Amino acid sequence: MRLASFLTANGPSYGIVREDGIVDLGARLGGDLRGILAEGLERPRELAEEPADLHLKGLRWLPLIPNPGAIYCVGLNYRAHVEEVGRPLGDWPTVFLRVPPSQTGHLAPIVRPRVSEQLDFEGELAAVIGRPGRHIEPATALEHIAGYSLYNDGSVRDWQRHSAQYTAGKNFAATGAFGPWLVTGEEAGDPSRLELTTRLNGEVVQHAPLSELIFTIPQIVAYISTFSQLEPGDVIVTGTPAGVGAGREPKLWLRAGDTIEVEVPGIGTLRNPIVDE
């Protein structure tokens, strides 16, 4: 099952994504996708064969979880990426936070802020929590994940390097694209068997199997849950492979008019145009 958040004529909603359109769960059940994850997916599954309410063409996609309680991002989680940016390999996951207003949806613009020329791309797999937990063991961590989506953890590199903390460069408005939908765990299967590709204007700039993650998704879930209670709708962005613009010579920064895509077969393709603030 695939679930997404979107805008309708009546405001924000969420629903089931099918080939023939969208089953609008918001109109049937109320609330939002974060809330329905907390309640469990039994009722959405019961409604999965209802007639589609909305066409996919022209749909205005929202960030998959517009209002997450937390967005945990993992940096430096592929060895080749660690090497290209010249950072030491740590003993523990590098975790930083994004705020919800820094997100944007599928097909919506990623905005290059006026104060920087160094907007970079970072294609990543995102895991969305479906079951709460604290002190989760790696062996049971995947039971706490509702499903997977895609993230472009857009980074304003000069602001990211203002200090040892990543916060400033990772939280400009509409720089983190999230979507297009959530693929539930039973449909996605083992995430370590997936491969991620990022394309800039149709050219491949990043490609790696998820099996190359330094810290696996179960390890990341266990680590984060040690210091923070994980709740349904929380987002874990698992890290980007080598090929980012900052790791190239000459540097490859995003410009207005570019199109950036993040794809994982079996999950989908997240596509965004770049615009100037």
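Residues numbered from 1 in each chain as written. Predicted model: local features only at pLDDT ≥ 70, side-chain atom pairs only at ≥ 80, totals over all residues. Heavy atoms only, no water.

(A) Focus on the overall build of the protein. Each helix and strand counted, the protein has 8 helices and 18 strands in total. Taken over C-alpha atoms, the radius of gyration comes to 18 Å for the protein, in line with the 19 Å a tight globule of 277 residues would show. Along the three orthogonal principal directions, the C-alpha set of the protein runs to about 50 × 45 × 30 Å. Counting over 277 residues, the protein shows a buried share of 56%. If you sum the accessible surface of the protein, you get close to 12000 Å²; carbon and sulfur atoms cover 51% of it. Once the 24 positive and 35 negative side-chain charges of the protein are each reduced to a mean point, those two points are 4 Å apart. (Helix = DSSP H or I, 4+ residues; strand = E, 2+ residues; numbered from the N terminus. Rg over C-alpha atoms; globule rule 2.2 N^0.38 Å. Buried < 20%, exposed > 50% of the residue type's maximum accessible area, 1.4 Å probe, protein only. Areas by Shrake-Rupley, 256 points an atom, 1.4 Å probe, with all protein chains shown as cover. Lys, Arg positive; Asp, Glu negative; His and termini not counted. Charge placed at Lys NZ, Arg CZ, Asp CG, Glu CD.)

(B) The packing of aromatic side chains, seen in detail. Taken as a whole and judged by the stated rule, the model has 7 aromatic pairs. Judged by centre distance (5.2 Å) and plane angle (70°), the ring pair of F96 and Y166 falls under edge-to-face. Residue F96 is found in strand β6 (residues 94-98), and its partner Y166 is found in the loop between α5 (157-160) and α6 (167-170); the two are separated by 70 residues along the sequence. We classify F96 as buried; its relative accessible area is 9%. (Phe/Tyr/Trp six-rings, centres within 6.5 Å; stacked < 30°, edge-to-face > 60°.)

(C) View of the pairing of strand β1 (residues 2-8). As defined by bridge partners, β1 adjoins strand β13 (residues 176-184) across 2 bridges and the pair is classed as antiparallel. When the bridges of β13 are listed, R2 appears paired with V183. Two strands pair when backbone bridges link them, and β1 and strand β2 (residues 11-18) are joined in this way by 6 bridges, in the antiparallel orientation. Paired with T8 across the bridge in β2 is G11. If you look at the hairpin formed by β1 and β2, you'll find 2 residues sitting between the two strands. With 2 bridges joining them, β1 and strand β4 (residues 60-61) adopt antiparallel strand pairing. What sits directly across from F6, in β4, is W61. (Pairing = 2+ DSSP bridges.)

(D) Representation of the pattern of salt bridges. Overall, the coordinates contain 21 salt bridges when judged by the stated rule. A salt bridge links E46 to R43; the nearest nitrogen and oxygen atoms lie 2.9 Å apart. A residue pair is termed a helical-turn pair when its members lie 3 or 4 positions apart in one helix, as E46 and R43 do in helix α3 (residues 42-46) at 3 residues. Given a relative accessible area of 40%, R43 falls into the partly exposed group. Residue E277 is joined to R114 by a salt bridge in which the shortest nitrogen-to-oxygen separation is 3.7 Å. Taken together, the positions of E277 in the segment after β18 (268-276) and R114 in the loop between β8 (110-112) and β9 (119-120) put the pair 163 residues apart, joining distant regions of the chain. We classify E277 as exposed; its relative accessible area is 53%. Accessibility expressed as a relative area gives 65% for R114, which makes it exposed. Salt bridges linked by common partners bring R98, D120, E122, D153, R157 and K170 together as one network. (Salt bridge = Lys/Arg side-chain N within 4 Å of Asp/Glu carboxyl O.)

(E) A look at the sheet that holds strand β15 (residues 203-209). Reading across the sheet, the 5 strands line up as β8-β18-β17-β14-β15 and stay open at both edges, with mixed pairing between neighbours. The open sheet terminates on both sides in strands that have one partner only, identified here as β8 and β15. Neighbour-to-neighbour, the strand axes of the sheet open up by a mean angle of 20°, direction not taken into account. With 4 bridges connecting them, strand β14 (residues 195-200) and strand β17 (residues 259-264) associate as antiparallel partners. What sits directly across from R199, in β17, is E261. (Axes fitted to C-alpha atoms, helices over the stretch in contact; angles between N-to-C directions.)

(F) Representation of the confidence of the model for the protein within the structure. Scored by pLDDT, the protein has a mean of 97; 100% of the residues are at 70 or more. Per-element averaging of pLDDT across the protein places helix α4 (residues 79-84) at the bottom with 93 and β17 at the top with 99. (pLDDT = per-residue confidence, 0-100.)

(G) Highlighting helix α8 (residues 217-227). Within the sequence span of α8, burial applies to I217, P218, I220, V221, A222, I224 and S225. In this fold, the buried residues of α8 make contact with β5 (71-75), β6, β10 (123-129), β11 (145-153) and β16 (235-237). (Contact = heavy atoms within 4.5 Å.)

(H) Inspection of unusual backbone geometry at higher detail. Going from G179 to P180, the amide bond is cis rather than trans, its omega being 0°. Relative to the helices and strands, P180 is located in strand β13. Residues other than glycine seldom take positive phi values, yet L76 does so here, at roughly 55°. Relative to the helices and strands, L76 resides in the loop between β5 and α4. Notably, A174 is not glycine yet its phi reads approximately 55°, a positive angle. Within the secondary structure layout, A174 lies in the loop between α6 and β13.

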